[in-house]
Amino acid sequence: MTAKPRIALIIGSTRPTRFADKPAQWMLKQAQARQDMDVEVVDLRDHPLPYFAEVASTLHAPSKDPEAIRWQQTIDQYDGYIFVVAEYNHSITGALKNALDQAYKEWNRKPFTAIGYGSVGGARAIEHLRGIGVELQMVSTRSAVNIGGSDFMAIFPMFGNKPIEDIEAGLLPSAKAALDDLVWWAKATMAARAAA
Ligand SMILES: Cc1cc2nc3c(=O)[nH]c(=O)nc-3n(C[C@H](O)[C@H](O)[C@H](O)COP(=O)(O)O)c2cc1C
């Protein structure tokens, strides 16, 4: 029997006044309510990575920067990931892209899902994330949580600033589907990695 997957919920925005904490805490609660995974927050604010400055991709050359090495050691501990995705100009944040680039084998053959937010629920940024995940040899779940349109406006501080629970009825089915998929792929890839 495979052990319970260890999942990192990675907060992809580091702005001092970021909105990310609202969706991050909600998604953490959904994941913690389940018995089939152990989830921990990994906040990019706690990993002050330099812009990538290694001699080559970490696929080809080990990193020299101590923060990059610490980041790789952090990522390596997990069997799957939930990315909290802000959409900046139709893509993921620069901070998240840099963090993805600063590891390679630690991401390989592991699954991820996402909770995105913005005018269209971070959908364009999540699609970019999925493309990046392919190159990192990751598996994306089909489902993700998208907080968009009037739901985003209702809970965004500059507009409605309502609690996220006011709109959660519309999010719960996709959160369940995303986390179900994540656990399925985490167990499958854990078993496959162990057998390889
Ligand atoms: C540089 C920048 C670009 C943005 N581009 C988009 C965008 O393409 N689509 C969108 O829905 N929101 C966009 N926004 C608005 C963000 O959805 C909003 O600022 C959100 O709070 C960002 O997440 P964060 O506060 O967790 O960093 C952008 C915000 C910034 C700062």
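Residues numbered from 1 in each chain as written. Predicted model: local features only at pLDDT ≥ 70, side-chain atom pairs only at ≥ 80, totals over all residues. Heavy atoms only, no water.

Draft legend 1. Representation of the overall build of the protein chain in the model. Along its length, the protein chain carries 6 helices and 6 strands. In the protein chain, the succession of α and β elements from N to C terminus is β-α-β-α-β-α-β-α-β-β-α-α. Computed over the C-alpha atoms, the radius of gyration of the protein chain is 16 Å, within 12% of the 16 Å expected from 2.2 N^0.38 for a compact globule of 196 residues. Its C-alpha atoms put the protein chain at 50 × 40 × 25 Å along the principal axes. Across the 196 residues of the protein chain, 51% fall into the buried class. Approximately 9500 Å² of the protein chain is accessible, and the part contributed by carbon and sulfur atoms is 57%. Across the protein chain, the 21 positively charged side chains and the 22 negatively charged ones have centroids separated by 2 Å. (Helix = DSSP H or I, 4+ residues; strand = E, 2+ residues; numbered from the N terminus. Rg over C-alpha atoms; globule rule 2.2 N^0.38 Å. Buried < 20%, exposed > 50% of the residue type's maximum accessible area, 1.4 Å probe, protein only. Areas by Shrake-Rupley, 256 points an atom, 1.4 Å probe, with all protein chains shown as cover. Lys, Arg positive; Asp, Glu negative; His and termini not counted. Charge placed at Lys NZ, Arg CZ, Asp CG, Glu CD.)

Draft legend 2. Spotlight on helix α2 (residues 66-76). Restricting attention to buried positions, one finds in α2 the residues Ala68, Trp71, Gln72, Thr74 and Ile75. Buried residues of α2 fall within an arc of 160° about the axis and therefore sit on the same side. Residues Pro66 and Gln73 are exposed on α2 and point more than 90 degrees away from its buried face. Close packing links the buried residues of α2 with β1 (6-11), β2 (38-43), β3 (80-86) and α3 (94-101). At the N-terminal end of α2, a side-chain oxygen is found 2.8 Å from the backbone nitrogen of Glu67, two or three residues along, and the residue is Asp65. (Arc of directions from axis to C-beta. Contact = heavy atoms within 4.5 Å. Polar contact = N/O pair within 3.5 Å; in protein donor to acceptor, adjacent residues only side chain to side chain.)

Draft legend 3. Representation of the site of the ligand within the structure. Lining the immediate surroundings of the ligand are 16 residues, of which Ser13, Arg15, Phe19, Tyr88 and Tyr117 lie closest. With respect to the ligand, the side chain of Glu87 contributes an N or O atom lying 2.9 Å from a nitrogen atom. Between the ligand and the protein, one listed contact pairs an oxygen atom with a side-chain N or O atom of Tyr117 at 2.6 Å. Burial of the ligand by the protein amounts to 74% of the accessible area it has alone, namely 610 Å². The residue inventory of the shell around the ligand, partitioned by class, reads 7 nonpolar, 5 polar and 4 charged. (Near = heavy atom within 4 Å. Nonpolar A, V, L, I, M, F, W, Y, C, P; charged D, E, K, R; others polar.)

Draft legend 4. Broad picture of the environment of Pro23. If you trace the backbone, Pro23 turns up in helix α1 (residues 21-32). You can call Pro23 buried: its relative accessible area is 0%. Residues Pro23 and Val85 lie 62 residues apart in sequence; the distance between their C-alpha atoms is 9.3 Å. With sequence-adjacent residues up to four places away left out, Pro23 is seen in contact with Val84, Ile115, Tyr117, Ile147 and Ile164.

Draft legend 5. Inspection of the nonpolar core at higher detail. Counting 31 residues, the largest nonpolar core has Leu9, Trp26, Met27, Ile82, Tyr117, Val145 and Ile147 as the members making the most contacts within it. Elements with a contribution of two residues or more to this core: β1, α1, β3, β4 (111-117), β6 (145-147), α5 (149-155) and α6 (172-195). Once you skip the residues sitting within four places of it in the chain, Tyr117 turns out to touch Ser13, Phe19, Ala20, Pro23, Val84, Val85, Ala86, Glu87, Gly122, Ile147 and Phe152. The next biggest cluster of nonpolar side chains, apart from the first, holds 28 residues, and it includes Ala8, Tyr78, Ala114 and Leu129. (Core = buried A, V, L, I, M, F, W, Y, C linked by side-chain atoms within 4.5 Å.)

No statement about biological role is implied by the geometric values presented.
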